[in-house]
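Chain and residue survey
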Amino acid sequence: MEKFSKFFAMASLMAVSSVGLFADEAYDVMKKSLNLETPNYSQSEILVDMIDKNGNVESTTVIMQYGRDTNDLIATIFDFKSPANVKNTRYLQSEKRGKMGDKYIYLPSLRTTRRVAATERQKSFMGFDYAYDDMSLRDVDADTHEMLDANETRKVGNTTYNCWAVKSTPKKKNDGGYSYRITHVDKNSYIPVFIEFFDKKKAPLKTWACTELRQSTSTIGKKYWIRWDNMMTNLQTGHSTRVHLNKQVLDVEQPDRLFTQNWLNTGK
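Residues numbered from 1 in each chain as written. Predicted model: local features only at pLDDT ≥ 70, side-chain atom pairs only at ≥ 80, totals over all residues. Heavy atoms only, no water.

**Topic: the side chain of D143**
Structurally, D143 can be placed in strand β7 (residues 143-156). Taking relative accessible area as the criterion, D143 reaches 3% and is therefore assigned buried. In this structure the side chain of D143 is engaged in a polar contact, spanning 3.1 Å, whose partner is the side chain of R181. Every residue in contact with D143, bar those within four places of it in the chain, is listed here: R138, S168, T169, P170, K171 and R181. (Helix = DSSP H or I, 4+ residues; strand = E, 2+ residues; numbered from the N terminus. Buried < 20%, exposed > 50% of the residue type's maximum accessible area, 1.4 Å probe, protein only. Polar contact = N/O pair within 3.5 Å; in protein donor to acceptor, adjacent residues only side chain to side chain. Contact = heavy atoms within 4.5 Å.)

Dropping the structure here:
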């Protein structure tokens, strides 16, 4: 009887240890994914297609994006160029890597810049299927991470990836807008290539897919993995938003005045 007791005690200990190892591995994968080297500066022309549930493109928005990542401070500007109803809308997001930052939007119809309140951050950004916070880098320590599959094969777009599948659950209730997310991270690049979002009732809500991943070379010869084409799909409505990089230049310094509220107000 004592041998059986020792056996079950050892089996139980091994099971707990395995859970701990998988949790550590999941955390390490998500942390490394968050901390990949990125260009110090970027300038991109972005095409955003709104797609109805039947696959028809409803509208295409053209945006100029400017990015700066220096001293672990990340700033992003979106300058809307067309169509006419959103032209001259400008958006600034400034954050420390993985930390909640400040978000400001300039609306030309009101001729004013306002801060996006924390209560608005799970709302749609400019009518897209992306919420404001979907465009931010979430702090890896804000969630608990569980390895669901350490050797997953997943096809995204035309590419088949070998992935880790990691479930991330907010530590604080109602934090982040989702009950949990499942992120599928490519083992070669450490880039997330597919993400599943679940609503507060734990029902599937949205999926995000990197339908084209490229390795781009910057003007100073550095290579970066770039998500060239992405699709966010609302599973509950069937509506999608496709984001495509039409042109991009990396590591060309952008003027500091771009990343200010004054530039949001004036565009100059």
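There's more to say after this.
**Looking at the packing of aromatic side chains**
What characterises a pair of aromatic rings is the spacing of the ring centres plus the angle enclosed by the ring planes. Going through the model one piece at a time under the given rule, you end up with 11 aromatic pairs. When the ring of Y91 is compared with that of F125, the centres are 4.8 Å apart and the planes differ by 55°; the resulting orientation is tilted. Of this pair, Y91 sits in strand β4 (residues 90-96) while F125 sits in the loop between β6 (112-115) and β7, and the two are 34 residues apart along the sequence. Considered together, Y91 and F125 belong to a single accessibility category, that of buried residues. Note on F125 and Y132: the rings are 5.3 Å apart at their centroids and 70° apart in plane angle, and the pair reads as edge-to-face. For F125, a relative accessible area of 1% puts it in the buried group. Connected via pairs of aromatic rings, a cluster forms that spans F78, F80, Y91, F125, F128 and Y132. Directly above the aromatic system of Y190 lies the positively charged group of K32, at a separation of 4.3 Å from the ring centroid. (Phe/Tyr/Trp six-rings, centres within 6.5 Å; stacked < 30°, edge-to-face > 60°. Lys NZ or Arg CZ within 6 Å of the ring centre and 35° of its normal.)

**Some details on the pattern of salt bridges**
Evaluated as defined, the whole model comprises 13 salt bridges. Where R242 meets D49, a salt bridge forms, and the shortest distance between an N and an O atom there is 2.9 Å. Taken as a pair, R242 in strand β13 (residues 240-250) and D49 in strand β1 (residues 41-51) lie far apart in primary sequence, 193 residues in all. A salt bridge links D134 to K206, with the nearest nitrogen and oxygen atoms 2.7 Å apart. Placement of D134 in the loop between β6 and β7 and of K206 in strand β11 (residues 204-217) is noted, with a sequence separation of 72 residues between them. Residue classification places K206 among the buried positions, given a relative accessible area of 6%. (Salt bridge = Lys/Arg side-chain N within 4 Å of Asp/Glu carboxyl O.)

**Some remarks on unusual backbone geometry**
The omega torsion across S82 and P83 is 5°, close enough to zero to call that bond cis. Mapped onto the elements of the fold, P83 is located in the loop between β3 (73-82) and β4. Positioned with a positive phi, M126 is a non-glycine residue whose angle comes to about 55°. Its place among the elements puts M126 in the loop between β6 and β7. A positive phi angle, close to 65°, is found at Y190, a residue other than glycine. Relative to the elements of secondary structure, Y190 occurs in the loop between β9 (180-186) and β10 (192-198).

**With respect to the environment of K201**
As for its position among the elements, K201 is in the loop between β10 and β11. Using a relative accessible area of 78% as the deciding quantity, one classes K201 as exposed. Separated by 22 residues in sequence, K201 and S179 have C-alpha atoms that sit 7.3 Å apart.

**Structural notes on the pairing of β1**
The element β1 is largely enclosed, with a buried count of nine among its 11 residues. Across 11 bridges, the pairing between β1 and strand β2 (residues 57-70) is antiparallel. Of the residues in β2, the one forming a bridge with M50 is S59. Turn length for the β1-β2 hairpin, with the two strands adjacent in sequence and antiparallel, is five residues, and the turn residue G55 shows positive phi of about 90°. (Pairing = 2+ DSSP bridges.)

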